[in-house]
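What follows is the residue order along each chain.
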Amino acid sequence: MTQHKNLNRFLSLAMSAIVALGLSSASVFADGTASESRRVSLVLGSEEGSNRMFHPDHLEFEAGKRYTLVIENPGLESHEFDSPGLVGASWSSGVSVLDGVGEATFPVASVVGTPEEIEVAPGSTVEWTFVAVEPGSYDMVCDTLDQHQKTHAAAGMLGTTVIR
Ligand SMILES: [Cu+2]
């Protein structure tokens, strides 16, 4: 039993090192297990600041596969990734919060469990790791309010996610 625990600990450390070096899409979870996940990129807005769009505005996942959705906000204002349908149709293992976007990121926090809504501050990245479970088509919207108290979604910041 002790040996088994030591092996798990070793694997966790090894996988952490790999993740830190950015060599693999492996993730380490709270129970000490390590598992491969497919990384999918989603960019909120753009560096120009006023671009209230999802890039891309359509995401596809395969039922039974584990993913890490890398949600970056390179812009100058906050955005949200809200897809209660997708979250409800998935098994969430957790969320990692990273300072920075692109190559120059470092982890700030990680949260185990299911994200209700994900708001990403400018210049930050959030990684949501989950297993896609229930096939269907689900909306994604940004509920952040503009200066006129209208949501970004009302201005067109919306899209679809699909589990096949
Ligand atoms: Cu937005």
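Residues numbered from 1 in each chain as written. Predicted model: local features only at pLDDT ≥ 70, side-chain atom pairs only at ≥ 80, totals over all residues.

> Is there a simple way to think about the overall build of the chain in this case?
When its secondary structure is counted, the chain shows 2 helices and 13 strands. When each of the 164 residues of the chain is scored for burial, the buried share is 30%. (Helix = DSSP H or I, 4+ residues; strand = E, 2+ residues; numbered from the N terminus. Buried ≥ 20, exposed ≤ 12 C-beta atoms within 10 Å, placed from the backbone.)

> I tried to follow unusual backbone geometry on my own but got confused; where do I start?
Among all residues save glycine, negative phi is the norm, and among peptide bonds the norm is trans. Cis peptide bonds are those with omega within 30 degrees of zero, and the linkage from His55 to Pro56 qualifies with 0°. Tracing the chain through its elements places Pro56 in the loop between strand E4 (54-55) and strand E5 (58-61). Even without being a glycine, Gln149 presents a positive backbone phi close to 65°. Within the fold, Gln149 resides in the loop between strand E12 (136-141) and strand E13 (158-163).

> In this structure, what is going on with the pairing of strand E11 (residues 124-132)? I would like to understand it.
One face of the sheet, then the other: side chains in a regular strand alternate in exactly this way. Within E11, 8 of the 9 residues are buried, leaving the element largely enclosed by the surrounding structure. Strand direction decides the pairing type here: strand E6 (residues 66-73) and E11, joined by 8 bridges, are antiparallel. Residue pairing across strands places Val70 opposite Glu127, the latter belonging to E11. Of the strand pairs in this sheet, strand E8 (residues 90-99) and E11 are connected by 9 bridges, and their pairing is antiparallel. (Pairing = 2+ DSSP bridges.)

> What's the story with the pairing of strand E9 (residues 106-112) in this structure? I'm lost.
For E8 and E9, the ladder comprises 6 bridges, and the chain directions are antiparallel. Bridge pairing in E9 places Val97 opposite Ala109. In sequence, E8 turns back onto E9 through a hairpin of 6 residues, with Gly100 there showing a positive phi of about 100°.

> Could you clarify how one ought to interpret the sheet that holds E8 in this entry?
Adjacent strands of a sheet form backbone hydrogen bonds with each other and so pair up, either parallel or antiparallel. Taking strand neighbours across the sheet as the criterion, the 6 strands line up as E4-E3-E6-E11-E8-E9 in an open arrangement whose pairing is mixed. With partners counted over all chains shown, the strands left at the sheet margins are E4 and E9, one partner each.

> For this particular structure, what's the right way to read the sheet that holds E12?
The sheet built from 3 strands is open, its strands ordered E5-E13-E12 with mixed pairing. At either end of the open sheet lies a strand with only one pairing partner, and these are E5 and E12. Taken pair by pair, the neighbouring strands of this sheet meet at an average axis angle of 20°, ignoring direction. Sheet topology places E12 next to E13; 6 bridges connect them, and they run antiparallel. Counted as the bridge partner of Tyr138 is Thr161 from E13. (Axes fitted to C-alpha atoms, helices over the stretch in contact; angles between N-to-C directions.)

> How should the environment of Leu44 be read in this particular structure?
Positionally, Leu44 belongs in strand E3 (residues 38-44). When the C-alpha positions of Leu44 and Glu72 are compared, they lie 6.1 Å apart, and in sequence the two are 28 residues distant. If near-sequence neighbours (up to four positions away) are discounted, Leu44 is found in contact with Phe54, Ile71, Glu72, Asn73, His79, Phe81, Val120 and Cys142. (Contact = placed C-beta atoms within 7 Å.)

> How should I be thinking about the nonpolar core in this particular structure?
Soluble globular proteins tend to bury their nonpolar side chains together. Ranked by size, the top nonpolar core spans 25 residues in total, and within it Leu42, Leu44, Leu69, Ile71 and Trp128 carry the most contacts. Of all elements in the fold, only E3, E5, E6, helix H2 (84-88), E11 and E12 reach the threshold of two or more residues within this core. (Core = buried A, V, L, I, M, F, W, Y, C linked by C-beta atoms within 7 Å.)

> I would appreciate a short explanation of the confidence of the model for the chain in the present structure.
Detailed reading of predicted coordinates is not advised where the pLDDT is low. Chain-level pLDDT for the chain is 84 on average; 77% of the residues reach the 70-or-more range. A low-confidence stretch, residues 9-27 stays under pLDDT 50, and its non-local contacts, those more than four residues away or across chains, total 26 contacts. (pLDDT = per-residue confidence, 0-100.)

> Quick question: what am I supposed to make of the environment of Trp91 here?
Here Trp91 is to be found in strand E8. Spatially, the C-alpha atoms of Trp91 and Gly64 are 9.7 Å apart, while their sequence positions differ by 27 residues. With residues up to four places along the chain from it excluded, the contact list for Trp91 reads Phe130, Val131 and Val133.

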